[in-house]
Amino acid sequence: MIAGIDLGTTNSLIGVYESGFPTLLADQHGNRITPSVVFYPKNGETLVGREAERQRSLHPDRTISSVKRLIGRRIGEKGTENLLGNKGTAASITIGDRILTPEEISSEILKKLKSIAEDRLGATINRAVITVPAYFNDAQRTSTRRAGELAGFMVERIVSEPTAAALAYGLDRLADQSKVAVYDLGGGTFDLSVLQLDNGVFQVLSTHGDTQLGGDDIDEAIAELVSKKAGISVSSPAATSRLKEAARAAKEILSTADATEVRLPFLEDNRSLEISLTRAEIEQASAPIIRRTRALCMRALQDADLETTDLDQVILVGGSTRMPLVRNFVKEIFGREPNLSQHPDESVALGAILQGAILEGNLQNVALLDVTPLSLGIETFGGLMNVIIPRNTTIPAKAGEMFTNAVTGQQGMRISVLQGERELASDNWMLGSLEIPFPPSPKGAVRVGVQFSIDADGILQVLARDTSTGSEQIIEIKSAVEVSDEAVEAMLAGSLEHAFEDMDARIFTEARLKAEEMLPAVEDALAQLGSDLPEQEVAEILRHAAEVRAALVLKETKRLKLTIAALDESTQILATKLIEKALKA
Ligand code: ADP
Ligand code: MG
């Protein structure tokens, strides 16, 4: 049996597929949701979930929440500002005299979920599917997998949360053909994914998100509002955590009520806090945070090449989508009522359970597909990017192209595998390279086939084969699909920022290659025919050739193109003569 687990920043859930149904499993108190909080006492047993939450304001320095924000992170990266340690080393947390890694802390949450499931089922469960935000990078996914292993699970698959939510949504609509967006705003992360559902096939068309945007940020904004309104600022960790908890509680109440009271007796220095708070006030404080989701939604739509009107549904998931402000905002972005059919807290876990059932073969008519986050290609002779598999291609994918040798006497071809959206090879990332040797041959005589294939696990295999000798080389690249969100964003931003320069660079390079081909050919022809031509015309051709050379040195695209055209025109007569001579012979 494979358990499905939503290991959330704030809350975690576990369930299994039982007699044809995905079933979430509750603890002995009937709670299906386990807060992702871990308490490490001085002596005794580590506590997880509600029991740990209760210790938070008593022992804030021994209680850890939102550890997911640190998993797979290094000191110096986003989210690690308050941690000690040398830049570049893996993030860790010190409690008393213990140094804990985010993997270890997450594994405590997973152990707790495992024991809840095992108690309920009366059986051991040691296989699991665990969800992560779509934008988790390779290191974050690997660390999550490691946490699962530390908890005693064989981790069968790491699945993106919005994909899981779409699976939960789409299961009873298997015959449908539709395009849906999943808007997931939880405690710590935001994701928007666009998926296409087509007769049981789920295809991710695009996804964008922010691993540092969610309800926690809203809580902080409200806490600030509360302390400002009350004229009390707190400094101790215990008071800060009580204030934040109160802010969160008020926020959740105000999703249904219009007003509430915040009461915190003896908050700090014997001072008590007591104020009333309205929905309108917290909406004003949280709007700037929620507004940040708009650009990410727009980008995901753009990548999927869709307009808001092309979507059939916008599905809301994640606890923070209970806020009326979020619902209104989504309605405004997408110009339609959002789909509230999914349980905001449970759909991701349900999807994980369903994914487990698919892996076990219990659900056969469903398939889940993923996409490449950035384009993959190779460096051309002139130093340009030649895209073989474009960005946002569904995986598994396969594509290839044939290349010939650009220079006579060349003794091999170096294939550099690139990832990125820039026109010049050197602006993209080099993932690896391979070398295919061949005997020296005339230009264009050697044909090398290059094939890219990405399997369902995102592993890229590049094969290069010399078609005449049959000799081939293969490399395997693991990092072709799992790229960090920052890196993808930086690459996309770079390609937009440099769009004009890049285009110019490509045109110049193409013109340069043409010039480099033409100049020796013209010299050759003049050597053969020069004496048959009027002196004046020879001088004209030589002048144009010199101008092409000058434009090459000056690296001026426009000038190069113009001089090439002029040279081309003045050498027409050479071409005619060459043909005449050939005919005579
Ligand atoms: P995660 O996926 O990050 O673990 P969840 O999807 O469980 O998070 O959502 C947790 C967030 O949802 C928290 O910030 C919590 O305050 C918020 N939340 C839960 N219920 C409500 C509610 N009724 N109104 C507003 N926010 C809520
Ligand atoms: Mg979640």
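Residues numbered from 1 in each chain as written. Chains lettered and ligands numbered in written order. Predicted model: local features only at pLDDT ≥ 70, side-chain atom pairs only at ≥ 80, totals over all residues. Heavy atoms only, no water.

Engineer: Describe the overall build of the chain, and please don't skip the residues or the numbers.
Structural biologist: Secondary structure assignment for the chain yields 15 helices and 27 strands. Seen along its three principal axes, the alpha-carbon backbone of the chain occupies a region of about 105 × 55 × 50 Å. For the chain, the exposed surface amounts to about 27,300 Å²; the carbon and sulfur share of it is 49%. Positive and negative charge centroids in the chain, built from 61 and 83 side chains respectively, lie 2 Å apart. (Helix = DSSP H or I, 4+ residues; strand = E, 2+ residues; numbered from the N terminus. Areas by Shrake-Rupley, 256 points an atom, 1.4 Å probe, with all protein chains shown as cover. Lys, Arg positive; Asp, Glu negative; His and termini not counted. Charge placed at Lys NZ, Arg CZ, Asp CG, Glu CD.)

Engineer: Report on the pattern of salt bridges, specifying residues and quantitative values.
Structural biologist: A full pass over the atoms with the stated rule returns 32 salt bridges. Between glutamate 118 and lysine 114 there is a salt bridge, with the nearest N and O atoms lying 3.2 Å from each other. Pair noted here: glutamate 118 and lysine 114 are both in helix H2 (residues 102–121), with a separation of four residues, about one helical turn. Each member of the pair, glutamate 118 together with lysine 114, is buried. (Salt bridge = Lys/Arg side-chain N within 4 Å of Asp/Glu carboxyl O. Buried < 20%, exposed > 50% of the residue type's maximum accessible area, 1.4 Å probe, protein only.)

Engineer: Break down the side chain of serine 255 for me, with residues and values.
Structural biologist: With respect to the secondary-structure elements, serine 255 resides in the loop between helix H6 (237–253) and strand S15 (259–268). For serine 255, a relative accessible area of 16% puts it in the buried group. Residues contacting serine 255, with those up to four places away along its chain left out, are Arg279, Arg322, Met323 and Pro324. (Contact = heavy atoms within 4.5 Å.)

Engineer: Got a sec to walk through the site of ligand 1? Specific residues and values, please.
Structural biologist: Near ligand 1 you find 17 residues, and of these Gly187, Lys251, Glu252, Ser255 and Gly319 are the closest. Contact between ligand 1 and arginine 322: a nitrogen atom at 3.3 Å from a side-chain N or O atom of the residue. In isolation ligand 1 has 570 Å² of accessible area, and contact with the protein removes 91% of it. Counting residues per element, the shell around ligand 1 draws most heavily on H6, which supplies three residues. Across the shell around ligand 1, the residue classes break down as one nonpolar, 12 polar and four charged. Both domains that furnish three or more residues to the shell around ligand 1 are identified here as domain 1 (1–161 + 343–360) and domain 2 (215–285). (Near = heavy atom within 4 Å. Polar contact = N/O pair within 3.5 Å; in protein donor to acceptor, adjacent residues only side chain to side chain. Nonpolar A, V, L, I, M, F, W, Y, C, P; charged D, E, K, R; others polar. Domains from an automatic or database assignment.)

Engineer: Kindly report on the side chain of arginine 56, identifying the contributing residues and their values.
Structural biologist: For arginine 56, the position within the fold is in the loop between helix H1 (50–55) and strand S7 (63–65). Residue classification places arginine 56 among the buried residues on the basis of a relative accessible area of 13%. Side chain to side chain, arginine 56 and glutamate 245 meet in a polar contact 2.9 Å long. Other than its neighbours up to four places away in sequence, arginine 56 contacts Val37, Thr63, Ser65, Ser241 and Glu245.

Engineer: I'd like a description of the packing of aromatic side chains, backed by residues and values.
Structural biologist: A full pass over the atoms with the stated rule returns one aromatic pair. Above the ring of phenylalanine 153, the side-chain terminus of lysine 114 is found at 5.7 Å from the ring centroid. (Phe/Tyr/Trp six-rings, centres within 6.5 Å; stacked < 30°, edge-to-face > 60°. Lys NZ or Arg CZ within 6 Å of the ring centre and 35° of its normal.)

Engineer: Describe the nonpolar core, and please don't skip the residues or the numbers.
Structural biologist: In terms of nonpolar packing, the biggest core is built from 47 residues, with Tyr183, Leu192, Val194, Val262, Leu273, Leu277 and Phe334 touching the most fellow members. Per-element tally for this core: the top contributor is helix H9 (residues 324–334), with six residues. The contact partners of leucine 277, leaving out residues within four places of it in the chain, are Ile222, Leu225, Val226, Lys229, Ala250, Leu254, Asp258, Ala259, Thr260, Val262 and Ile282. Counting residues in hydrophobic clusters, the runner-up holds 31 residues, among them Ile14, Val67, Ile95 and Ala128. (Core = buried A, V, L, I, M, F, W, Y, C linked by side-chain atoms within 4.5 Å.)

Engineer: Could you give an account of the sheet that holds strand S27 (residues 472–477), naming the residues involved and the relevant values?
Structural biologist: As summarised here, the arrangement of the four strands in space is S22-S25-S26-S27, forming an open sheet in which the pairing is antiparallel. In this open sheet, the two strands that pair with only one neighbour each are strand S22 (397–404) and S27. Averaged over all neighbouring strand pairs, the angle between strand axes comes to 15°, with direction disregarded. Both strand S25 (residues 447–454) and strand S26 (residues 460–466) contribute to a ladder of seven bridges, which runs antiparallel. What sits directly across from valine 448, in S26, is aspartate 466. (Pairing = 2+ DSSP bridges. Axes fitted to C-alpha atoms, helices over the stretch in contact; angles between N-to-C directions.)

Engineer: Before we move on, could you go through a negative patch on the surface and cite the residues and values that matter?
Structural biologist: Where like charges cluster on the molecular surface, the negative patch consists of Asp176, Asp305, Glu307, Asp310 and Asp312. Tracing the backbone shows aspartate 176 in the loop between helix H4 (161–170) and strand S12 (177–185). For aspartate 176, a relative accessible area of 32% gives the class partly exposed. (Patch = residues over 30% accessible without salt bridge, like charges linked within 9 Å, V, L, I, M, F, W, Y side chains within 5 Å.)

Engineer: Tell me what's going on with the pairing of strand S17 (residues 313–317), and back it up with residues and numbers.
Structural biologist: Among the five residues in S17, four count as buried, and that is most of the element. Bridge analysis of S12 against S17 gives five bridges, and the strand direction is parallel. Across the sheet, valine 182 pairs through a bridge with isoleucine 315, a residue of S17.

Engineer: Requested: an account of unusual backbone geometry, with residues and values cited.
Structural biologist: Positioned with a positive phi, serine 66 is a non-glycine residue whose angle comes to about 55°. One can find serine 66 in the loop between S7 and strand S8 (93–95). You will see that asparagine 270, though not glycine, has its phi angle at about 65°, which is positive. Locating asparagine 270 in the fold gives a position in the loop between S15 and strand S16 (271–278).

Engineer: Please set out the sheet that holds strand S5 (residues 37–39) residue by residue, giving values where relevant.
Structural biologist: Read across the open sheet, the three strands follow the order S6-S5-S7; overall the sheet is antiparallel. Of all strands in the sheet, those bounded by a partner on one side alone are strand S6 (47–48) and S7. Here S5 pairs with S6 via two bridges, running antiparallel. Paired with phenylalanine 39 across the two strands is leucine 47, which belongs to S6.

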